[in-house]
Amino acid sequence: MSITRRNLFQMTGGAAGLLTAPGPFLAFDQFFRPAAAQAATINTIHTACGICSPNCGIEATVKDGALQFLKGIDGDLHGEGHLCGKGAAGGQFLLDPDRLKYPMKRTNPNKGFDEDPGWVRISWTEALDTIAERFQFYMTEHGRESLLFCTLPGHDFWSRFMNALGVVNRIDHIDVCFLTDNIIQRYTTGGKQYTNDFENSKYILLFGWDQVAKNKIVYANGIVKARANGAKVVRFAPTYTATSKMSTEYHNIRPGSDLAVALAMINVIISENLYDRDFVDLYTNFGQYESEIRTHFAQYTPQWASELSDVPAADIARIAREFATTRPAIAPAHKKTLCANYMNATQLVHAISILNILAGTIDRPGGRYFARGIPLAGADAIWPPPPYPQKLGRRVDGRNLLPLAEEVNQGMFSTLADGMLRRYPGMIKAAFWNNYTILGFPFPRHMEDAMRSVEFSVAMDVIPTDTTSMADIVLPSTTYLEGSGIVVRNYRATSPQAVARQPVSAPMFETKSIAYVALELGKRLVPDYFKKPDGAWLNASELLDEQARRANLGENFADFRNKGRVDRPAPFVPRTSFPTVGGTNKCQILVPQFAEKGAEPLPKWHPKRDQPSAEYPYYYLTFIPGVHKRNSTQNNAYLNELMPTNAAIIHPELAARLGIREGQMVRLTSRVGQLEVPAHLSPTLRPDCVQVAHGFGHRNRLLSKAGFKGVRDGDLVPDASTEDFVAAGNYGGSSCIMDAVVNIQPL
């Protein structure tokens, strides 16, 4: 029986006086007194979001050490006091009960989503020792080409570790994102920039660009301000989204035909001499190649483009004239939607870059401009390493066949499985996966087979992704809310601003950062690269101190962290020199270096890869919902509640023809696979299309919310070989992440 004041009275015959008199019962009194009222300790911490690349400023409310609430910070150039839904839900990444909590090793040698890995908890020491021993074995027996690192360059120490090993095969997702635009802007304007001065623009031209619907706050704010300032916004896309709603004019273009419209617009602007003569004459190579440029674009008439795009020729010509004469004007290109969807994406982003050059708004108010940032010293500058070994060996993804992609050292998700299974089967012996999942690949079934072919795999992540299902060692990663760093603004940066990222929570469980892993593996495998001149080991905290001090952000990182943010207001002075490859210091419309490397010096018309046919009559569209970030947020409790699964979105007109009703299961079939998914009827897309949201269909049984919910959109999208890209003129390595056609069958 539990003791209460009531039954204690009963046991003592109700002698309440005994409870106040000296005696043995005083020992119980402490259990009946109300707890002393103590004020909760409430702190606000300024940090930066880490869900997507703008890293909007965050004010975190922490009560008694526990995160309570996240909101935006006034004065932050990116968020401007706002957070998107993903940013506001960030606490659920920190507190996800499914988080990986400690290192684990596999005991079941059979790999697959239907297999129980037989995870056994191990120490960090055992995990790191095992990884180092196996990596050293494979490098000795099979060469450095036998290691595969699926990871972004990441922390400076992680990059140093891979360089010190001489890693040949580092693979990342940039080819399914912005690789093409990175290549094009290096040669045409001087480097990939995310800075678009929408708020001062008078004419905004969007080819599929959909960042308002994606909840990219920094861009959405810019479009809202532009509209308030009277700007005209014209959008071409096969789907009507929130970005379309924010536009002044919307054209329901045929999928994959944006390039035709862009080429025709260039024709009109050049043939009618509507371009900004002052800018073009002074700062571009137009004069040097004028005859070739005029001749090349003359073939691309508005009438020709209309037949390919379903956009009336008169509208194409009118919009071209408006864009050229309503100044300043801008045509942005960001990531996947323009830069990676189709086989002709490289040519499209080249044409878009030319449109911006002709408008005369490169690094000008109202146009694309170079971020005015704050340079941060890298670890190699602070502590110069010994010479790195030469990276000798074969590229498993075949990227060496695409010299322009090889130059920027990015990609190639889209050709990796082909390389591992066909080009060089068995070459990859060990792999390290850092915060990537199989869902990010075109046709992920091939990637499953490729992962099974690897003898030893390591996966580091926050939650148990599908990639961890195939791993031999799993390492638990910290989140952005548990780390520190210096974030320099690069999306809205007419003057410099830096924000301190600082932890709102100590690392939970046994989670560690990739910097920790780099240091510890470095000590085991390449120790000379991780020592300072005095012989002491490198230290991530000292790196931050040095970066803050050298950038004049503070005496050390703690000083900068206490400030929270450093602003350096300065007048915006437009460039008169542009750091394009080739050293002319001019913007390049015709790129002679492309011709030297087997690419097209001017963009030519190429159709998308897969075209509708009798067997597969409908365009297949995919999209990333604004609720989610690609395939990494579906297990977040708040975001999962908002959108737990996906569907086949079909126009009501097409549904009626096929006898499909709302919620009915349908089978989508492409030349490589099929999906069965419920239908959702919506008039927001063309009647010749079907659309499926990306990011669903996770198959790890340890994901309590996202596991086995929805379908993988990529199961219908063919992957490719680099030979396919070369043959199609895809010299920028666009992954064709949405280049598929399908049949639709009601079930």
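Residues numbered from 1 in each chain as written. Predicted model: local features only at pLDDT ≥ 70, side-chain atom pairs only at ≥ 80, totals over all residues. Heavy atoms only, no water.

1. Points about the overall build of the protein
Part 1: A tally of regular secondary structure across the protein gives 28 helices and 23 strands.
Part 2: Relative to its length of 747 residues, the protein is compact, with a C-alpha radius of gyration of 28 Å against a globular reference of 27 Å.
Part 3: Classification of the 747 residues of the protein by burial places 59% in the buried group.
Part 4: The protein carries 78 positive and 73 negative side-chain charges, and their two centres are separated by 3 Å. (Helix = DSSP H or I, 4+ residues; strand = E, 2+ residues; numbered from the N terminus. Rg over C-alpha atoms; globule rule 2.2 N^0.38 Å. Buried < 20%, exposed > 50% of the residue type's maximum accessible area, 1.4 Å probe, protein only. Lys, Arg positive; Asp, Glu negative; His and termini not counted. Charge placed at Lys NZ, Arg CZ, Asp CG, Glu CD.)

2. Thoughts on the pairing of strand β14 (residues 473-476)
Part 1: Covered by surrounding structure in β14 are Ile473 and Leu475 together with Val474 and Pro476, the residues of both alternating faces.
Part 2: Pairing of strand β4 (residues 104-105) with β14, which is carried by two bridges, proceeds in the antiparallel orientation. What sits directly across from Lys105, in β14, is Ile473.
Part 3: Bridge count between strand β13 (residues 456-461) and β14: four bridges; the pairing is parallel. Residue pairing for β14: Met460 is matched across the bridge by Leu475. (Pairing = 2+ DSSP bridges.)

3. With respect to the sheet that holds strand β16 (residues 497-501)
Part 1: Strands sit in the order β15-β16-β17 across an open sheet of three strands; the sheet is antiparallel. The sheet is open, and its two edges are formed by β15 (485-488) and β17 (565-567), each paired on a single side. Shown here is a sheet whose adjacent strand axes are inclined to one another by a mean of 15°, direction ignored.
Part 2: Bridge analysis of β15 against β16 gives four bridges, and the strand direction is antiparallel. Looking at β16, one finds that Val488 is bridged to Ala498. (Axes fitted to C-alpha atoms, helices over the stretch in contact; angles between N-to-C directions.)

4. Comments concerning the domain arrangement of the protein
Accessible area lost when the parts come together is the quantity often used to give the size of an interface.
Part 1: Each assigned domain of the protein is listed here: domain 1 (1-30), domain 2 (42-95), domain 3 (104-176 + 376-567), domain 4 (193-369) and domain 5 (618-746).
Part 2: For domain 2 and domain 4, the distance between their C-alpha centroids amounts to 34 Å.
Part 3: The partner domain 4 presents eight residues to the eleven residues of domain 2 that form the contact.
Part 4: Between domain 2 and domain 4, roughly 700 Å² of surface is buried when both sides are summed, and carbon and sulfur atoms account for 51% of that area.
Part 5: At the surface where domain 2 touches domain 4, the tally comes to one salt bridge.
Part 6: Where domain 2 packs against domain 4, one counts four residue pairs in polar contact (both at pLDDT 80 or more).
Part 7: Looking at the side of domain 2 that touches domain 4 residue by residue, the class counts come to five nonpolar, four polar and two charged. (Domains from an automatic or database assignment. Contact = heavy atoms within 4.5 Å. Buried area = accessible area lost by both parts, 1.4 Å probe. Salt bridge = Lys/Arg side-chain N within 4 Å of Asp/Glu carboxyl O. Polar contact = N/O pair within 3.5 Å; in protein donor to acceptor, adjacent residues only side chain to side chain. Nonpolar A, V, L, I, M, F, W, Y, C, P; charged D, E, K, R; others polar.)

5. So, the pairing of strand β21 (residues 674-681)
Part 1: Across three bridges, the pairing between strand β19 (residues 648-650) and β21 is parallel. Counterpart to Ala648 in the pairing with β21 is Ala679.
Part 2: Bridge analysis of strand β20 (residues 665-669) against β21 gives five bridges, and the strand direction is antiparallel. Across the sheet, Thr669 pairs through a bridge with Gln674, a residue of β21.
Part 3: Hairpin connection between β20 and β21: a loop of four residues separates the two successive antiparallel strands.

6. A word on the environment of Ser734
Part 1: Along the chain, Ser734 turns up in the loop between α28 (722-727) and β23 (740-746).
Part 2: If near-sequence neighbours (up to four positions away) are discounted, Ser734 is found in contact with Asp175, Thr180, Cys339, Ala340, Asn341, Tyr342, Ala345, Thr346 and Phe725.
Part 3: A distance of 3.3 Å separates a polar side-chain atom of Ser734 from the backbone oxygen of Ala340.
Part 4: There is a polar contact of 2.7 Å between the side chain of Ser734 and the backbone oxygen of Tyr342.

7. Details of the confidence of the model for the protein
Part 1: On average, residues of the protein carry a pLDDT of 94, and 95% of them reach 70 or more.
Part 2: Within the model, the stretch residues 1-28 combines pLDDT values under 50 with 24 contacts to residues more than four positions away or in other chains. (pLDDT = per-residue confidence, 0-100.)

8. Points about unusual backbone geometry
Part 1: Cis geometry is found at the peptide bond from Arg327 to Pro328, where omega equals 0°.
Part 2: Among the structural elements, Pro328 can be located in the loop between α14 (313-325) and β11 (329-330).
Part 3: Positive phi outside glycine occurs at Asp310, with the angle close to 70°.
Part 4: Examined against the element boundaries, Asp310 turns out to sit in the loop between α13 (302-309) and α14.
Part 5: With phi around 55°, Phe509 is a residue other than glycine that occupies positive phi space.
Part 6: Locating Phe509 in the fold gives a position in the loop between β16 and α22 (514-525).
Part 7: Looking at Phe509, the relative accessible area reads 47%, which means it is partly exposed.

9. Things to note about the packing of aromatic side chains
Part 1: Evaluated as defined, the whole model comprises 33 aromatic pairs.
Part 2: Through a chain of ring-to-ring contacts, three or more aromatic side chains come together here, namely Phe135, Phe149, Trp158, Phe161, Phe432 and Phe456.
Part 3: A cation over a ring is seen here: Lys101 above Phe509, with NZ or CZ 5.3 Å from the ring centre.
Part 4: The side chain of Arg364 reaches across the aromatic face of Tyr283, ending 5.2 Å from its centre. (Phe/Tyr/Trp six-rings, centres within 6.5 Å; stacked < 30°, edge-to-face > 60°. Lys NZ or Arg CZ within 6 Å of the ring centre and 35° of its normal.)

10. Brief notes about the environment of Val672
Part 1: Within the secondary structure, Val672 is located in the loop between β20 and β21.
Part 2: According to the relative accessible area criterion, Val672 is partly exposed, its value standing at 28%.
Part 3: As a C-alpha pair, Val672 and Asp715 span 43 residues in sequence and 7.5 Å in three-dimensional space.
Part 4: Once residues within four sequence positions are removed from consideration, Val672 is found in contact with Phe443, Asp715, Leu716, Val717 and Pro718.

11. Let's talk about the environment of Gln303
Part 1: With respect to the helices, strands and loops of the structure, Gln303 is situated in helix α13.
Part 2: Under the relative-accessibility criterion, Gln303 is labelled partly exposed at 45%.
Part 3: Expressed as a C-alpha distance, the spacing of Gln303 and Ile316, which sit 13 residues apart in the sequence, is 8.7 Å.

12. Digging into the sheet that holds β11
Part 1: Within the open sheet, the four strands sit side by side as β10-β9-β8-β11. Their pairing is parallel. Two strands lie at the open edges of the sheet, namely β10 (249-252) and β11, each paired on one side alone.
Part 2: Sheet topology note: the strand β8 (residues 203-207)/β11 ladder contains two bridges and is parallel. Considered in β11, the bridge of Ile204 is made with Ile330.

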